[in-house]
Amino acid sequence: MLGETTAKGHRSGFACFIGRPNVGKSTLMNALVGSKVAITSSRPQTTRRAIRGIVHRPDAQLVVVDTPGLHKPRTLLGERLDSLVRSTLTEVDAIGFCVPADQAVGPGDRFIARELANVKKTPVVAIVTKTDLVPPERVAEQLTAVAATGDAAGVPFADIVPCSARDGFQVGLVGDLLIRRLPEGPPLYPEGDLTDEPEAVLVGELIREAALEGVRDELPHSIAVVVDEMAPREGRDDLIDVYAHLFVERPSQKAIVIGGKGARLREVGTQARRQIEALLGTKVFLDLRIKVAKDWQRDPKQLRRLGFD
């Protein structure tokens, strides 16, 4: 049994990160875990599922849930992602409310603070992210602004902490503050596990991350990836075959991803394969095809087929 020999005082539990799209939630989770378990991108709304990263310490095990950015939904997919975020808030032991240091507190942040006011019993740690992008005086101003936002919304922040996942500034302190709010208990996952996401899901996310780079701003919302098959090649124990489809909503988007003479799609495949090989620790053959699934973000049947139940 997990945790039978765990010392008294060991803490374990769940914390989630919430914030507007593209405030550094996934990057911070990866920094806490010490390994890449969630994809990151400069494009907003990269995260589309609640991904769990596991932080192991001698005296604690913190399971961080990285949620999609909370925003005003414009599609059925957006509505489902917002519903996912709200349900996650009710299931965790602590909440990290992420606000970036390089952007003024805005309506989106205030909206989320009001949402958090409805989560009465769960402690909220306000985290000012991306401090590496601004001077110290700007960080101080943002800490004050975030505190005022919590006061106005009726959210008594348990702590307010600045950090930078990029240079490691106070990442450990963020973990300390979240762990402090966890109940005592044995580890929930075996030592060495960094995530509970199936490998096929992680592989699909790495493919989508590669596709997000270098495309037009509006395209990422229209990209989905399904891994059709992933298995060792017969007679080879050093090679895994991965067959996947990348879905877009319109033929014009398909042309963008493919690029001139297929150059863009080849680049996506090369970049994704390197990341997948690093994840799996073995050589990978990646067969990547692209299909049009018209308006899939608004179609319940296609959302189910693409894994957004």
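Residues numbered from 1 in each chain as written. Predicted model: local features only at pLDDT ≥ 70, side-chain atom pairs only at ≥ 80, totals over all residues. Heavy atoms only, no water.

**Considerations on the overall build of the chain**
Thought 1: If you tally the helices and strands in the chain, you get nine helices and nine strands.
Thought 2: In the chain, of all internal contacts separated by at least 6 residues, the share reaching a separation of at least 24 is 72%.
Thought 3: For the chain, the accessible surface area stands at approximately 14,400 Å², while carbon and sulfur atoms represent 51% of it. (Helix = DSSP H or I, 4+ residues; strand = E, 2+ residues; numbered from the N terminus. Contact = heavy atoms within 4.5 Å. Areas by Shrake-Rupley, 256 points an atom, 1.4 Å probe, with all protein chains shown as cover.)

**A word on the sheet that holds strand β8 (residues 239–248)**
Thought 1: In space, the three strands of this open sheet follow the order β7-β8-β9, with mixed pairing throughout. Sheet topology places β7 (224–232) and β9 (283–292) at the edges, where each strand pairs with a single neighbour. With strand direction ignored, the average angle separating the axes of adjacent strands in the sheet is 15°.
Thought 2: The pairing of β7 with β8 spans eight bridges and is antiparallel. Bridging across to β8, Met 230 finds its partner in Val 242.
Thought 3: Helix-sheet contacts for helix α7 (residues 251–258) involve β8 and β9, and the interaxial angle to β9 is about 150°.
Thought 4: On the sheet, helix α8 (residues 263–280) packs against β8 and β9 and is oriented at approximately 135° with respect to β9. (Pairing = 2+ DSSP bridges. Axes fitted to C-alpha atoms, helices over the stretch in contact; angles between N-to-C directions.)

**Structural notes on the pattern of salt bridges**
Thought 1: Inspection of every chain in the model, using the stated rule, returns 10 salt bridges.
Thought 2: Among the ionic pairs, Asp 109 bridges to Arg 20, the shortest N-O distance being 2.9 Å. One end of the pair, Asp 109, is in helix α3 (residues 107–116); the other, Arg 20, is in the loop between β1 (11–19) and α1 (25–33), with 89 residues separating them in the sequence. There is no split in this pair, since Asp 109 and Arg 20 are both buried.
Thought 3: For Arg 236, the salt bridge is made with Asp 238, and the minimal N-O distance between the two is 2.7 Å.
Thought 4: Given a relative accessible area of 33%, Asp 238 falls into the partly exposed group. (Salt bridge = Lys/Arg side-chain N within 4 Å of Asp/Glu carboxyl O. Buried < 20%, exposed > 50% of the residue type's maximum accessible area, 1.4 Å probe, protein only.)

**Some thoughts on the confidence of the model for the chain**
Any region with low pLDDT has predicted coordinates that should not be read closely.
Thought 1: Residues at a pLDDT of 70 or more form 78% of the chain, whose mean pLDDT is 81.
Thought 2: In this model, residues 41–49 is a region of pLDDT below 50 whose contacts with residues beyond four sequence positions or in other chains number 46 contacts. (pLDDT = per-residue confidence, 0-100.)

**Brief notes about α8**
Thought 1: Its 18 residues give α8 an end-to-end C-alpha distance of 26 Å, which sits within 8% of 26 Å, the value for a rise of 1.5 Å per residue.
Thought 2: Buried residues in α8 make contact with α6 (199–212), β8, α7 and β9.
Thought 3: Once α8 finishes, Gly 281 follows within two positions and takes phi at roughly 70°, a positive value. (Expected span 1.5 Å × (residues − 1).)

**As for the packing of aromatic side chains**
Thought 1: Going through the model one piece at a time under the given rule, you end up with two aromatic pairs.
Thought 2: Residues Phe 97 and Phe 157 carry aromatic rings whose centres are separated by 6.0 Å and whose planes lie at 35° to one another, so their mutual orientation is tilted. Taken as a pair, Phe 97 in strand β4 (residues 94–100) and Phe 157 in the loop between α4 (136–153) and β6 (159–162) lie far apart in primary sequence, 60 residues in all. For the pair Phe 97 and Phe 157, one class covers both residues: buried.
Thought 3: Lying over the aromatic face of Phe 285, Arg 233 brings its terminal NZ or CZ to 5.4 Å of the ring centre. (Phe/Tyr/Trp six-rings, centres within 6.5 Å; stacked < 30°, edge-to-face > 60°. Lys NZ or Arg CZ within 6 Å of the ring centre and 35° of its normal.)

**Notes on the side chain of Thr 149**
Thought 1: Summarising the element assignment, Thr 149 is placed in helix α4.
Thought 2: The class of Thr 149 is buried, set by a relative accessible area of 10%.
Thought 3: Within polar-contact distance, the side chain of Thr 149 engages the backbone oxygen of Ala 145 at 2.9 Å.
Thought 4: Leave out the neighbours within four places in its chain, and Thr 149 touches Val 105, Asp 109, Arg 110 and Ala 113. (Polar contact = N/O pair within 3.5 Å; in protein donor to acceptor, adjacent residues only side chain to side chain.)

**Some remarks on the environment of Phe 17**
Thought 1: For Phe 17, the position within the fold is in strand β1.
Thought 2: Note: C-alpha distance between Phe 17 and Ala 94 (77 residues apart in sequence) is 9.0 Å.

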